[in-house]
Amino acid sequence: MPSGMKPLEKFLKKQTTALTRAGGFGDGASRRRASLSRVVPFFRETSPEGGPGREVFSPDTEEAPGPWPGGSGGDVRSPSLSSDEQSSEASLMESSWTPSDTPDNLALSLLHNMAARKYSACTDTLLDDFMLTHPIFLPSERFQQLLIQQVGGATEGEGEGEVGRVERKQAVLSVVFRYLDTYRELLLEEKSQSFPKELYMCAVQELSRCPELVEDVLKLQRWTEILHSPSEQEKESRKKQVRPLFRHFRRIDACLQPREAFRGSDEIFCRVYTPDHSYVTIRSRLSCRVGEILALVREKLQYSEEQPSQPALLLLVAVTSAGEKAVFRPSDEAVFTALGINTHLFVCEPSELDTLLPLPEEIHWSPGDSKLHDMSAEEVANQLVVFDWELFSCVHEVEFVCYVFHGEQARWRPLNLELVLQRCSEVQHWVATEILQCQSLPKRVQLLRKFIKMAALCKQQQDLLSFLALVLGLDNPAVSRLRLTWEGLPGKFRKQFQQFESIADPSRNHKSYRDLMASLRPPLIPFTPLLLKDLTFLHESCKSFHGELVNFEKMHKVADMVRSVRRYRSSQLALEVEASPSHLQTKAYVRQLQVIDNQNLLFDMSCTLEPKDM
């Protein structure tokens, strides 16, 4: 990667080039995966001879890399799998049922297997694999249709003595309940979907022939009520939450509230700028299309059809602090959470595209003392951990699958996962910003010590997201080149930071990091970008289909990786934070970090502090 270009700039430049060549954005899934380069800038491995870096994996490469280090060409087992997961994988392979079939037949085989071996641990693993990964090979609408068909009417194999009608119906309904439990939050988004009600009506009709299903039907009725009639408390809660989008507004009352998962139907406030840097504030659904955003902006700007000056076409453009631009298509959805840290939305006519510039506050900086000098490392680190846990807890398991396998074509958008990635990038740039804005050499050394101490505390609290983000921020070229600043650091801290750097070392497929993860017990917060990297590698290196047959072994490996997220969150984080007079001030500061994400500007600031000839 060119030294003067940060990952997000490279990503947006790639998209702008694709737009120029093809008049569009290209493949949505690859565009979504490319955004990983914003937060994992260390996908390069230094050669043993000390020569130039070798690309281990990058979403910008056209072809998938080779097998995992130390693995054979045909083995796609991820080194991130724990011994428990690998034994689970072995039990699957030893199962009498080898699930390799067309998507429809695979679903039917699962239902039959559930009825025949209802309490088998292996069957439960297969069911969980199917639930987590079926959107990859079987559209949810088709799966719902199959479930309805199996609940109502005659089913194949009845009367043959192997599996009776009641057992089969109960097996189908048990799969239904697992599906509703897994996708509850996502199904609540689909106000128009009739699946639960239609399924309930089919089950009621079956009661005359199968009275043993009465308990299951009552349970299904409760599920129908939950999905179609949210509780009054939930309705009131959602009504009050017209929330500012993550970074684009700085309301203290909003940032001090516990973080809740975003839904596509949530309404948010966001500013949309014009070429002269004036702006309008719009109120929009988080998942709305670009065309809807443009309509809201037109209304705010009071364009009307009678006005001869009305533009024939308006574009919605994302402009980074470095001046890179990406033009959205009218059909693009949920663009808000995909924005970079200091990336803003602009609206303009096509002829004005080249005149768009970043906001003045994004390209100018003023030196000054940081608020961080007056805060204790322990208090800041604790607030980093608490906020990371809130964000990580908001991410639905299925968002990982949607992000990697479907990208922008996903039925359910990975909104909360994108905010976690944004947070990781934000913390990295925050470290560099605080150090480079400090003009005093002794104070810069103090900040270095404080950041290293915070990294140690985050590691101790098992928050590897902020831990590695802090380490990568200190490894930023604009910071690492400050020779006089690093020479002033006591040897104890230099040695500790070297140990931290070894954990962030990407060599041998991030072995140091994976060894650390294997030694920890829940609750913990993983370095999420690396988990997405593993999923992306598995996706790119292994086909989802062999002809018309589903490669279910691949689906099992994907599900194992996603299950690791469930394991990390299997117990609640219990962090004892002592309230201090500055508690709320520190909390607000950590949740609204002021950062510079323009790498060129950061490097200029670094050279101003310590010129190259020093």
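Residues numbered from 1 in each chain as written. Predicted model: local features only at pLDDT ≥ 70, side-chain atom pairs only at ≥ 80, totals over all residues. Heavy atoms only, no water.

Caption draft 1: Inspection of helix H27 (residues 599-609) at higher detail. Three or more residues of H27 are buried, namely Gln-599, Leu-601, Leu-602, Met-605, Ser-606, Cys-607 and Leu-609. N-cap assignment for H27: the residue whose side-chain oxygen lies 3.0 Å from the backbone N of Asn-600 is Asn-598. (Buried < 20%, exposed > 50% of the residue type's maximum accessible area, 1.4 Å probe, protein only. Helix = DSSP H or I, 4+ residues; strand = E, 2+ residues; numbered from the N terminus. Polar contact = N/O pair within 3.5 Å; in protein donor to acceptor, adjacent residues only side chain to side chain.)

Caption draft 2: Focus on the nonpolar core. Core analysis: the largest hydrophobic core is formed by 136 residues, its most contacted members being Trp-430, Phe-451 and Leu-470. Of all the elements, helix H17 (residues 415-436) adds the most residues to this core, at 10 residues. Non-local contacts of Leu-470, meaning those with residues more than four positions away in its chain, are made with Leu-384, Val-427, Trp-430, Val-431, Phe-451, Met-454, Ala-455 and Cys-458. By size, the runner-up hydrophobic cluster in this structure holds 24 residues, among which are Ile-282, Phe-328, Leu-415 and Leu-419. (Core = buried A, V, L, I, M, F, W, Y, C linked by side-chain atoms within 4.5 Å. Contact = heavy atoms within 4.5 Å.)

Caption draft 3: Quick peek at the pairing of strand S6 (residues 315-319). The element S6 is largely enclosed, with a buried count of 5 among its 5 residues. Taking every second residue as pointing to the same face, both faces of S6 are buried, with Leu-315, Val-317 and Val-319 on one and Leu-316 and Ala-318 on the other. Of the pairings in the sheet, the one linking S6 to strand S8 (residues 344-348) comprises 5 bridges and is antiparallel in character. Counterpart to Val-319 in the pairing with S8 is His-344. Here S6 pairs with strand S7 (residues 325-327) via 3 bridges, running antiparallel. In the sheet register, Val-317 faces S7, and the bridge partner there is Val-327. Two successive antiparallel strands, S6 and S7, enclose a turn made up of 5 residues, where Gly-323 displays a positive phi of approximately 90°. (Pairing = 2+ DSSP bridges.)

Caption draft 4: Geometry of unusual backbone geometry. Between Pro-522 and Pro-523 the backbone carries a cis peptide bond, its omega angle lying at 0°. Secondary-structure assignment places Pro-523 in the loop between helix H23 (507-519) and helix H24 (528-541). You will see that Asn-509, though not glycine, has its phi angle at about 55°, which is positive. In this structure, Asn-509 sits in helix H23.

Caption draft 5: Broad picture of the packing of aromatic side chains. Enumeration according to the criterion identifies 14 aromatic pairs in this entry. Each ring, one from Trp-430 and one from Phe-451, has its centre 5.1 Å from the other, and the planes form 85°; the classification is edge-to-face. Taken together, the positions of Trp-430 in helix H17 and Phe-451 in helix H18 (residues 441-460) put the pair 21 residues apart, joining distant regions of the chain. The pair formed by Trp-430 and Phe-451 is uniform in burial state, with each residue classed as buried. With a centroid separation of 5.2 Å and 35° between ring planes, the pair formed by Trp-486 and Phe-497 is classed as tilted. Of this pair, Trp-486 sits in helix H21 (residues 483-487) while Phe-497 sits in helix H22 (residues 491-504), placing them 11 residues apart in sequence. Trp-486 sits in the buried class, given a relative accessible area of 15%. Given the relative accessible area of 5%, Phe-497 is considered buried. What links up through ring pairs into an aromatic cluster is the set Phe-130, Phe-137, Phe-143, Tyr-179, Tyr-183, Phe-195, Trp-412 and Phe-552. Positioned above the aromatic ring of Phe-177 is the side chain of Lys-219, whose terminal nitrogen or guanidinium carbon lies 4.5 Å from the ring centre. The side chain of Lys-492 reaches across the aromatic face of Phe-493, ending 5.9 Å from its centre. (Phe/Tyr/Trp six-rings, centres within 6.5 Å; stacked < 30°, edge-to-face > 60°. Lys NZ or Arg CZ within 6 Å of the ring centre and 35° of its normal.)

Caption draft 6: Broad picture of the environment of Glu-553. Inspection of the secondary structure assignment puts Glu-553 in helix H25 (residues 552-568). For the pair Glu-553 and Ser-100, spaced 453 residues apart in sequence, the C-alpha to C-alpha distance is 8.4 Å.

Caption draft 7: The packing of helix H15 (residues 377-393) against H17, seen in detail. Running from amino to carboxyl end, H15 crosses H17 at an angle of 160°, the nearest separation of the two axes being 10 Å. With respect to their mutual orientation, H15 and H17 come out roughly antiparallel. Remark: the crossing between H15 and H17 carries left-handed chirality. Contacts between H15 and H17 involve Val-380, Leu-384, Phe-387, Asp-388, Leu-391 and Phe-392 from the first element and Val-420, Arg-423 and Trp-430 from the second. Among the residues making up the contact of H15 with H17, the classes are represented as 7 nonpolar, no polar and 2 charged. (Axes fitted to C-alpha atoms, helices over the stretch in contact; angles between N-to-C directions. Parallel < 35°, antiparallel > 145°, perpendicular 65-115°, else oblique. Left-handed = near helix turned anticlockwise from the far one by under 90°. Nonpolar A, V, L, I, M, F, W, Y, C, P; charged D, E, K, R; others polar.)

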